[in-house]
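The chain contents come next:
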Amino acid sequence: MSKRALITGVSGQDGSYLAELLLSQGYQVFGLVRRSSNERLERIAHLADSLVLVRGDLLDHTSLVRAMEEARPDEVYNLAAQSFVPTSWQEPVLTAEFTALGATRLLEALRQVAPRARFYQASSSEIFGKVRVSPQDERTPFWPRSPYGVAKLYAHWITVNYRESYGLFACCGILFNHESPRRGVEFVTRKITREAARIRLGLARELRLGNLEARRDWGFAGDYVRAMWLMLQQPSPEDYVIATGEMHSVREVCEVAFDELGLDWREHVVHDAKLVRPAEVDLLVGDASKARRDLGWKPEVGFQQLIRDMVRADLRDLSGRI
Ligand code: G4F
């Protein structure tokens, strides 16, 4: 019999890649979607015939119990969150409700309805925050720098706690930044690739950015969902850092993206102090040795290829619209 999986956040970047992966492995995939006026399902439109969408909301415990009863999952992937760091200063309580307490509600529903299901929690490298050691691995101390990071740290620890308290098969993947042509346009890589393509096509003249010196470990989302799945196939539940081990600055993303289009980024990028965050995470770079060793996981797509692929995808998409 085919395995059954329930994915929260199925309409997001990671949810769409994970749904594709699980469907290709013969899973029956259920995706939790919220009833909202501006529902955006375009990332999973091509999966409409194979995915089962279930109504539910991380803010509503009863709806999660119902979703579990309908999906009767063997595996649950909690990818839903308020995931944009700047918004977490504007809506700190809502961020905590979704990102922190939402994970607790889902774990409670799982405990109630499907206690034998395996559970994946999307932890974030933002929980490392103000880092004192590099690279960061599973033993690095946490110091989140935003309400988002704090909420993700709560969700991380509640998952560990439920594993220890109730013996659940629950894993946290501490994922470093991961991008793709499906990335939301508010995140810096996609903002850059999209705007660079618009400039190339004469649709825009400048690109306003905040901190150009921030450094991150950027990988490809398609590689990272493979790691999520691998974690739930292991004999015992553990937490893993998923990262490329390479660090690049926002400035370098600009260089590569504009270069792909034959443009000089310095002629178009404008610093905007309003986009600088109240507290910044200056640098993050992960050590995924444990995942490489125990999961046999490694990233397939490097930084240059990732950014260039994103630029080409944006150029294709925008060219098709004019
Ligand atoms: O792309 P970002 O918004 O991603 P951030 O804050 O690192 O968070 C992302 O990755 C996390 C994993 O570590 C996830 F948990 C989280 O949900 C999200 O997916 O910003 C990256 C860097 C920051 O240092 C920011 O200050 O880019 C800098 N930046 C400079 N100018 C900008 C901009 N970021 C955005 N979004 N927009 C700018 O104009």
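Owing to the predicted nature of the structure, the values given are computational and were not obtained by experimental measurement. (Residues numbered from 1 in each chain as written. Predicted model: local features only at pLDDT ≥ 70, side-chain atom pairs only at ≥ 80, totals over all residues. Heavy atoms only, no water.)

1. Some thoughts on the pattern of salt bridges
Applied cut-off: Within this document, salt bridges are pairs made up of a side-chain nitrogen of Lys or Arg and a carboxyl oxygen of Asp or Glu, the two lying within 4 Å of each other. Going along the chain from the N terminus, every DSSP run of H or I of four or more residues is numbered as a helix, and every run of E of two or more is numbered as a strand.
Taken as a whole, this structure holds 28 salt bridges when the rule is applied. Notably, a salt bridge pairs E97 with R105, separated by 2.6 Å at the nearest N-O pair. Of the charged contacts, one joins E260 and R308 as a salt bridge, the two residues approaching to 2.8 Å between their closest N and O atoms. One end of the pair, E260, is in helix α8 (residues 250-260); the other, R308, is in helix α10 (residues 303-321), with 48 residues separating them in the sequence. Sharing partners across several salt bridges, the network here consists of R190, R194, D314, D317 and R321.

2. Some remarks on the site of the ligand
This is how it is decided: Any residue with a non-hydrogen atom lying within 4 Å of a molecule or strand is treated as near it. Polar contact criterion, stated in full: a pair of N or O atoms within 3.5 Å, where within protein one must be able to donate a hydrogen and the other to accept it, and residues adjacent in sequence count only if both atoms are side-chain atoms. Each accessible area value is a Shrake-Rupley result obtained with a 1.4 Å probe; residue values ignore everything except the protein chains displayed when judging cover. Here the nonpolar group is Ala, Val, Leu, Ile, Met, Phe, Trp, Tyr, Cys and Pro; Asp, Glu, Lys and Arg are the charged ones; every other residue, Gly included, is treated as polar. For each domain, the first and last residues come from an automatic or database assignment.
Near the ligand, the surroundings consist of 24 residues, among which S124, S125, Y148, R277 and E280 are the closest. N177 has a polar side-chain atom sitting 2.9 Å from an oxygen atom of the ligand. Within the backbone of E186, an N or O atom sits 2.9 Å from a nitrogen atom of the ligand. Computed on the free molecule, the ligand has an accessible area of 720 Å², of which 95% lies beneath the protein chains in the complex. Considering only residue class, the shell around the ligand consists of 10 nonpolar, 6 polar and 8 charged. The residue makeup of the shell around the ligand includes at least three contributed by each of domain 1 (4-178 + 219-242) and domain 2 (184-216 + 247-279 + 301-321).

3. A closer look at the pairing of strand β2 (residues 28-33)
If a strand is regular, its side chains alternate between the two faces of the sheet. Put simply, the test is: The buried label applies to any residue whose accessible area, calculated with a 1.4 Å probe on protein chains only, is under 20% of its type's maximum; exposed applies above 50%, and partly exposed to all values in between. Criterion used throughout: strands pair if DSSP finds at least two bridges between them. Here a crossover is taken to be right-handed if, once the strands point away from the viewer, the path from the first strand over the helix to the second is traced clockwise.
In terms of burial, β2 is largely enclosed, as 5 of its 6 residues are buried. Bridge count for strand β1 (residues 4-8) against β2 is 5 bridges, and the pairing is parallel. Directly across from T8, in β2, lies its bridge partner L32. Regarding topology, helix α1 (residues 13-24) serves as the crossover connection from β1 to the parallel β2, and that connection is right-handed. Note: β2 against strand β3 (residues 52-55), 4 bridges, orientation parallel. The residue of β3 that forms the bridge with F30 is V52.

4. A few points about the domain arrangement of the chain
How we decide: In this description, buried area is defined as the sum, over both parts, of the accessible area (probe of 1.4 Å) that is lost when the two are combined.
Parsing the chain into structural domains produces domain 1 (4-178 + 219-242) and domain 2 (184-216 + 247-279 + 301-321). When each unit is reduced to the centre of its C-alpha atoms, the spacing between domain 1 and domain 2 is 27 Å. A buried area of about 990 Å², summed over both sides, lies between domain 1 and domain 2, and 61% of it is on carbon and sulfur atoms. Among the residues domain 1 hides against domain 2, the three largest losses belong to F84, W89 and F220. Together they make up 41% of the total. Counting across the domain 1 and domain 2 interface gives 1 salt bridge. Here E126 makes a salt bridge to R216, at a shortest N to O gap of 3.7 Å. Residues belonging to the side of domain 1 that touches domain 2 are distributed by class as follows: 5 nonpolar, 3 polar and 4 charged.

5. Quick word on the packing of aromatic side chains
We count it as follows: We call Phe, Tyr and Trp rings a pair once their centres come within 6.5 Å, taking the six-membered ring for Trp, and we label the pair stacked below 30 degrees between planes, edge-to-face above 60, and tilted otherwise. The rule is short: NZ of Lys or CZ of Arg within 6 Å of the ring centre and within 35 degrees of the ring normal puts a charge over the ring.
The full count for this structure, using the stated rule, is 9 aromatic pairs. Between Y17 and F220, the ring centres sit 5.6 Å apart and the planes meet at 75°, which makes this aromatic pair edge-to-face. With a gap of 203 residues between them, Y17 in helix α1 and F220 in strand β10 (residues 219-220) connect regions that are remote in the sequence. A relative accessible area of 12% places Y17 in the buried class. Judged by centre distance (5.3 Å) and plane angle (85°), the ring pair of F84 and F187 falls under edge-to-face. One end of the pair, F84, is in the loop between β4 (75-78) and α3 (87-90); the other, F187, is in the loop between β7 (178-179) and α6 (188-200), with 103 residues separating them in the sequence. According to the relative accessible area criterion, F187 is buried, its value standing at 13%. An aromatic cluster is defined as three or more aromatic residues linked by ring pairs; in this entry it consists of F128, F142, W157 and F176. Above the plane of the ring of Y166 lies R111, whose end atom (NZ or CZ) is 3.8 Å from the centre.

6. Structural notes on unusual backbone geometry
With the exception of glycine, the majority of residues adopt a negative phi angle, and the majority of peptide bonds are in the trans configuration. Looking along the chain, the bond that leaves S134 and enters P135 is cis, with omega of -5°. Locating P135 in the fold gives a position in the loop between β5 (118-124) and α5 (147-166).

7. A short note on the sheet that holds β3
Strand pairs in the sheet, formed through backbone hydrogen bonds, run parallel or antiparallel to each other. Defined as follows: Angles here are taken between N-to-C directions and fall from 0 to 180 degrees, while the axes themselves are lines fitted to C-alpha atoms, restricted in helices to the stretch in contact. By the convention used here, residues are in contact when the closest approach between their heavy atoms is within 4.5 Å.
Read from one edge of the open sheet, 7 strands run β3-β2-β1-β4-β5-β6-β11, paired in parallel fashion. Unpaired on one side and paired on the other, β3 and β11 (240-242) mark the two borders of the sheet. Within the sheet, the average angular offset between the axes of one strand and its neighbour, ignoring direction, is 25°. Across the sheet, helix α7 (residues 221-231) is in contact with β4, β5, β6 (170-175) and β11; its angle to β6 comes to roughly 160°.

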